[in-house]
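The chain contents come next:
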Amino acid sequence: MAGGTARGTGLEDVPARSGEIVQRATAAVLSAIYEEDFLGFSYGFRPGRSTHGAMDALMVGITSTKVNWILDADIRSFFDSIPHGDLLKSVARRVADGAVLRLIKLWLKAPIEERGGDGTRRMSGGKGNTRGTPQGGVASPMLANIYMNRFLKYWRLTKRGDAFRAHVVAYADDFVILSRGRAAEAVTWTKAVMMKLGLTLNEAKTSLKDARQERFDFLGYSFGPHRYKANGQWYLGASPSKKSVQRLKTKVGNLLVPGNHEPWAEVRDTLNKSLLGWSNYFSYGTRRSVFRGVDRYVYERVRDFLARRHKVAGRGTKRFSCEIVYGERGLLRLERLPSTAPSCASP
């Protein structure tokens, strides 16, 4: 999403299958070339790396070092703002094949269909366009990594880690800077470098947080101080953010609407698939109480849905009890799923 619109993948004039195959092949070649260039604190869209790896690095930084300030940075419309000329120069430094460079330029110049919140469509991009990579395009994450790598390499080249007593954890364009007392200087430096790259920090979404006293969100998780319910003791940890929980609840609510007349088995399978995917991603950190809250919300929505469908008087708590909904009706229960990742101080 960018500015309330959904961006297409471009390449609408190229047969979808062949265009995707070519992009995948090109992305694989670029990955092999650039993997040795990408830095160790960059985790996005790279072989053998993941969001959980980025979160591990962030938790180690918070709990095992003396950092006390976090720059939670957000680049304004990153994918839409990457300058084509500078991106192509970056690629040309490592790729000498003119055909590949022309192909990448073709993708960047492809018309893009955008759909607004009211459903209206409009075309953007095209030959006159000078910025942005098509979101959803197979090669776009690799191209974005190549451009973001300019910022990360400049950080290392200018020894900002030593100057700011800090280190970076990055996942594509999402990144945080962990600093020992010099985060304000890091903000000023980062803004200036982003301007040189033709990018800007989103002032409304970029903030400084006291890592020991305040929570901050990164990759859908909330990091910072948490409290054990059993004894009230505080600890530094990670848990699914409020926004991530709300997005799931909205998705569940949109599925279980009165107008959904699909057979229950299909509704259940769609719902369980969403719940399982969400739980797999949010299997890191402190999750038990969040999963319990999600289970409670989903059960109530399912119970209301089934009671309404079967015209049951009242709330349907007897006919569609927890035992029945989770038993014969087959609803997935997050709290009963086996753990698939380190709990990170999970109570």
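Residues numbered from 1 in each chain as written. Predicted model: local features only at pLDDT ≥ 70, side-chain atom pairs only at ≥ 80, totals over all residues. Heavy atoms only, no water.

**Topic: the overall build of the protein**
Right, so step 1: Across its full length, the protein carries 12 helices and 10 strands.
Right, so step 2: Burial analysis of the protein (347 residues in total) assigns 46% to the buried set.
Right, so step 3: By sequence separation, contacts in the protein at least 24 residues apart represent 69% of the contacts at least 6 residues apart. (Helix = DSSP H or I, 4+ residues; strand = E, 2+ residues; numbered from the N terminus. Buried < 20%, exposed > 50% of the residue type's maximum accessible area, 1.4 Å probe, protein only. Contact = heavy atoms within 4.5 Å.)

**Focus on empty space enclosed by the protein**
Right, so step 1: Using the criterion set out here, one finds two cavities of 30 Å³ or more in the structure.
Right, so step 2: Lining the second largest cavity we find Phe38, Ser42, Asn145, Met148, Asn149, Leu152 and Ala172. (1 Å grid on protein atoms, 1.4 Å probe; cavity = no way out; pocket = protein on both sides within 12 Å on 5 of 7 lines; lining within 4 Å. Points joined across faces, edges and corners; volume = space filled by probe spheres on them.)

**Considerations on the packing of helix α10 (residues 264–281) against helix α11 (residues 288–309)**
Right, so step 1: Two elements in contact, α10 and α11, have axes separated by 13 Å at closest approach and are oriented at 170°. The angle between the axes of α10 and α11 places the two elements in the roughly antiparallel class. In this structure, α10 uses Trp264, Val267, Leu271, Leu275, Trp278 and Ser279 to contact α11, whose residues at the interface are Val290, Phe291, Val294, Val298, Val302, Phe305, Leu306 and Arg309. (Axes fitted to C-alpha atoms, helices over the stretch in contact; angles between N-to-C directions. Parallel < 35°, antiparallel > 145°, perpendicular 65-115°, else oblique.)

**A few points about the layout of surface pockets**
With a probe scaled to a water molecule rolled over the atoms, the places where space remains empty come into view.
Right, so step 1: For the largest pocket, the calculated volume is near 1200 Å³.
Right, so step 2: In this structure, the largest pocket is lined by 35 residues; those nearest its centre are Asp74, Asp174, Lys205, Leu219 and Arg247.
Right, so step 3: Among the secondary structure elements, those contributing two or more residues to the lining of the largest pocket are β2 (69–73), α3 (78–81), β6 (174–179), β7 (207–210), β8 (216–218) and α9 (242–255).
Right, so step 4: Considered class by class, the residues forming the lining of the largest pocket number 15 nonpolar, nine polar and 11 charged.
Right, so step 5: Approximately 480 Å³ is the volume found for the second largest pocket.
Right, so step 6: Residue lining of the second largest pocket: 19 residues in total, with Arg215, His226, Ser239, Ser289 and Val290 positioned closest to the centre.
Right, so step 7: Contributing elements (two or more residues each) for the lining of the second largest pocket: β9 (221–227), β10 (234–240), α9 and α11.
Right, so step 8: Of the residues in the lining of the second largest pocket, the class split is five nonpolar, six polar and eight charged. (Nonpolar A, V, L, I, M, F, W, Y, C, P; charged D, E, K, R; others polar.)

**Focus on helix α5 (residues 98–108)**
Right, so step 1: Looking only at α5, the buried set comprises Ile104, Trp107 and Leu108. Down the axis of α5, the sector holding all buried residues measures 100°, keeping them to one side.
Right, so step 2: For α5, the capping residue at the N-terminal end is Asp97, with a side-chain oxygen 2.9 Å from the backbone nitrogen of Ala99. (Arc of directions from axis to C-beta. Polar contact = N/O pair within 3.5 Å; in protein donor to acceptor, adjacent residues only side chain to side chain.)

**Section: α10**
Right, so step 1: Spanning 18 residues, α10 covers 26 Å between terminal C-alpha atoms, matching the ideal 26 Å at 1.5 Å per step.
Right, so step 2: When we look at burial in α10, the residues that qualify are Trp264, Val267, Leu271, Asn272, Ser274, Leu275, Trp278 and Ser279. Axial view of α10: buried residues confined to an arc of 165°, hence all on one face.
Right, so step 3: Structurally, α10 contributes buried residues whose contacts are with β10, α9 and α11. (Expected span 1.5 Å × (residues − 1).)

**Thoughts on the sheet that holds β6**
Right, so step 1: Reading across from one edge, β5-β6-β2-β7 is the order of the four strands in this open sheet, with antiparallel pairing throughout. Of all the strands in the sheet, just β5 (166–171) and β7 have a single pairing partner and so form its edges. Across this sheet, the average inter-strand angle for adjacent strands is 20°, counted without regard to direction.
Right, so step 2: Bridge count between β2 and β7: four bridges; the pairing is antiparallel. Within β7, the residue paired with Ile70 across the bridge is Lys209.
Right, so step 3: Relative to β5, helix α6 (residues 140–157) is tilted by about 165°, and along the sheet it contacts β5 and β6. (Pairing = 2+ DSSP bridges.)

**Details of the packing of helix α4 (residues 84–92) against α5**
Two measures define how a pair of helices packs: the angle their axes make with one another and the distance between the axes.
Right, so step 1: The contact between α4 and α5 brings their axes to 11 Å, and the two run at 155°. The angle between α4 and α5 falls in the class roughly antiparallel. The two elements α4 and α5 cross, and the hand of that crossing is right-handed. For the pair α4 and α5, contact is made by His84, Leu87, Leu88, Val91 and Ala92 and by Leu101, Ile104, Lys105 and Leu108, respectively. (Left-handed = near helix turned anticlockwise from the far one by under 90°.)

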